[in-house]
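Residue strings, one per chain:
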Amino acid sequence: MRFSVIVPTYKRTDKLERALESIASQSYSDFELIVVDDNPEQDFREKVEEIVEDLESGFEVKLVVNDDGQGVSSARNLGIENASSDYIAFLDDDDEWKPEKLEKEAEAFQQNNYDAVYSAIEMYRDGEVQDIVRKEEKLGIEQILERDKMGSPSKVSVKKEALEEINGFDEDIPSGEDWDLWIRLIENEAEFGYINEPLVRYHQSDDSKSSQVDVATEGREKITEKHSELLEKAGSKVKARHHLNRAKKQYTLRDNRGTEKHLSKTLQNNIIEPEAYPIVALYTIRRITGLDMMDAAVKAKRILR
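What counts and what doesn't
- Residues numbered from 1 in each chain as written.
- Predicted model: local features only at pLDDT ≥ 70, side-chain atom pairs only at ≥ 80, totals over all residues.
- Heavy atoms only, no water.
- Axes fitted to C-alpha atoms, helices over the stretch in contact; angles between N-to-C directions.
- Helix = DSSP H or I, 4+ residues; strand = E, 2+ residues; numbered from the N terminus.
- Parallel < 35°, antiparallel > 145°, perpendicular 65-115°, else oblique.
- Contact = heavy atoms within 4.5 Å.
- Nonpolar A, V, L, I, M, F, W, Y, C, P; charged D, E, K, R; others polar.
- Patch = residues over 30% accessible without salt bridge, like charges linked within 9 Å, V, L, I, M, F, W, Y side chains within 5 Å.
- Areas by Shrake-Rupley, 256 points an atom, 1.4 Å probe, with all protein chains shown as cover.
- Salt bridge = Lys/Arg side-chain N within 4 Å of Asp/Glu carboxyl O.
- Lys, Arg positive; Asp, Glu negative; His and termini not counted.
- Charge placed at Lys NZ, Arg CZ, Asp CG, Glu CD.
- Buried < 20%, exposed > 50% of the residue type's maximum accessible area, 1.4 Å probe, protein only.
- Phe/Tyr/Trp six-rings, centres within 6.5 Å; stacked < 30°, edge-to-face > 60°.
- Lys NZ or Arg CZ within 6 Å of the ring centre and 35° of its normal.
- Expected span 1.5 Å × (residues − 1).
- Arc of directions from axis to C-beta.
- Left-handed = near helix turned anticlockwise from the far one by under 90°.

All right, on to the packing of helix H8 (residues 213–226) against helix H10 (residues 236–252) then. Each packed pair of helices is defined by two parameters, the angle between the axes and the distance between the axes. Two elements in contact, H8 and H10, have axes separated by 11 Å at closest approach and are oriented at 175 degrees. One element, H8, and the other, H10, form an angle in the roughly antiparallel class. In this structure, H8 uses Ala 216, Thr 217, Arg 220, Glu 221 and Thr 224 to contact H10, whose residues at the interface are His 242, His 243, Arg 246, Lys 249 and Gln 250. Of the residues assigned to the contact of H8 with H10, the class counts are 1 nonpolar, 5 polar and 4 charged.

Here it is, written out as C-alpha cells:
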C-alpha cells in the first residue's frame with residue numbers, strides 16, 4: 001500500500017526542514033511527498049523550493065503552490081487533490097515523525113478494515129518531552145463531540161476515499177478544523193484504529209492558531225454551531241461535556257467571558273457534571289487573586305493517577 005504524505009507550510013521555513021527530514025527517515029518507503037506552499041511572499045516561496053530541492057530522498061516529491069492562500073485547510077485540500085495514493089498522511093511543518101510511523105500505520109491498515117489510523121503523541125517543548133498523550137478508547141460520535149480526542153492531523157492517516165466522501169477540510173473554520181474533520185468522518189461511519197505508541201513529536205509553541213484567542217474562539221464557535229443538531233441528538237450530558245471542554249479551552253486562553261459562558265452552559269445541561277466544579281474553583285481563584293493554579297492541578301492529577 002502507498003501513502004501520499006501532505007505537508008502544508010506557511011512561514012516556518014526554519015522548521016520545515018526538520019519535518020521533511022523526519023519523512024525522509026521513514027523505515028517505510030512506499031510513499032510520495034506533497035509539500036503545499038501556502039506562503040504569499042516570494043522570499044518564503046524561494047526558500048521552501050530550496051529546502052525541497054535539497055531534500056535527499058528516494059521517493060517522489062511534489063511541490064504545489066497554493067495561490068489561493070486561504071489557510072491550512074485550503075492547503076491540505078489542495079494536497080489531497082494532488083495525491084495519487086489511496087492513503088493520506090498529514091504532517092504539520094513544525095512537527096516531526098518517528099522513523100517507524102508510516103510502517104506501523106501500514107501494518108494497522110493491512111491487518112484491519114480501518115478507514116483511518118492514529119497514534120499516541122509526544123508533547124515537546126523547549127527541547128524536552130513534556131507529556132505523552134495516549135487515547136486508547138474507542139471513538140464514537142458522542143466521544144468526539146465532547147472534545148477533540150484525536151488532536152493533531154500529524155498523527156493521523158486516512159483513506160483518501162473517506163476524505164473525499166466528506167469533501168475534505170472545511171475551509172470556513174479558521175481554527176479547530178481538524179476537530180471538525182474527525183466529527184464528520186465519524187458521523188460518516190469511518191472506523192478509526194489506534195496505535196498505542198508515540199509515533200509523532202508535537203512541538204508546542206505560543207504562536208499556533210489554537211493559542212490565538214480570537215481565531216481559536218471563532219473556530220470553536222463555528223464547530224459548536226455547525227454540529228448543534230448532533231449535539232442535541234446526543235443529549236444533555238454530551239452537551240455538558242462539550243461546553244465543559246470549551247470552557248477549559250477559553251480558560252487557557254484567559255478569555256473570562258468565554259469561560260463563564262461555557263461553564264454556565266455546562267451546568268445548564270448537567271448540574272451534577274463532576275468536572276465542572278474544579279474548573280469553577282480554579283477560575284474563581286484566578287479572578288480574585290490573579291493566580292493560575294491550572295498547571296499545578298494538572299500535575300497533581302497526573303501524580304495521583
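That shown, we press on.
Together, Glu 17, Glu 21, Asp 43, Glu 46, Glu 49, Glu 53, Asp 54 and Glu 56 make up a negatively charged patch on the protein surface. The set of elements that each furnish at least two residues to the negative patch consists of helix H1 (13–24) and helix H2 (42–54). In this structure, Glu 46 sits in helix H2. For Glu 46, a relative accessible area of 43% gives the class partly exposed.

Enumeration according to the criterion identifies 9 aromatic pairs in this entry. Centre to centre, the rings of Phe 3 and Tyr 28 are 5.8 Å apart; their planes meet at 80 degrees, and the pair counts as edge-to-face. Highlighted residues: Phe 3 in strand E1 (residues 3–9) and Tyr 28 in the loop between H1 and strand E2 (31–37), separated in sequence by 25 residues. Pair check on accessibility: Phe 3 and Tyr 28 agree, each one buried. In this structure, Arg 76 is placed above the aromatic ring of Phe 169, and the distance from its NZ or CZ to the ring centre is 5.0 Å.

Here we take up helix H12 (residues 276–289). Between the first and last C-alpha of H12 there are 20 Å, a value that for 14 residues agrees with the 20 Å anticipated at 1.5 Å per step. Those residues of H12 that fall on the buried side of the exposure criterion are Ala 276, Ile 279, Leu 282, Tyr 283 and Arg 286. Along the axis of H12, the buried positions cluster into a sector of 130 degrees, meaning they face one direction only. Once H12 finishes, Gly 290 follows within two positions and takes phi at roughly 85 degrees, a positive value.

It is worth spelling out the packing of helix H7 (residues 177–187) against H8 at this point. H8 packs onto H7 with a crossing angle of 20 degrees between their chain directions and a minimal axis gap of 10 Å. Here H7 lies roughly parallel to H8, going by the angle between them. In this structure, H7 meets H8 at a crossing whose hand is right-handed. On the side of H7, the interface is formed by Trp 179, Asp 180, Ile 183 and Arg 184, while H8 contributes Arg 220, Ile 223 and Lys 226.

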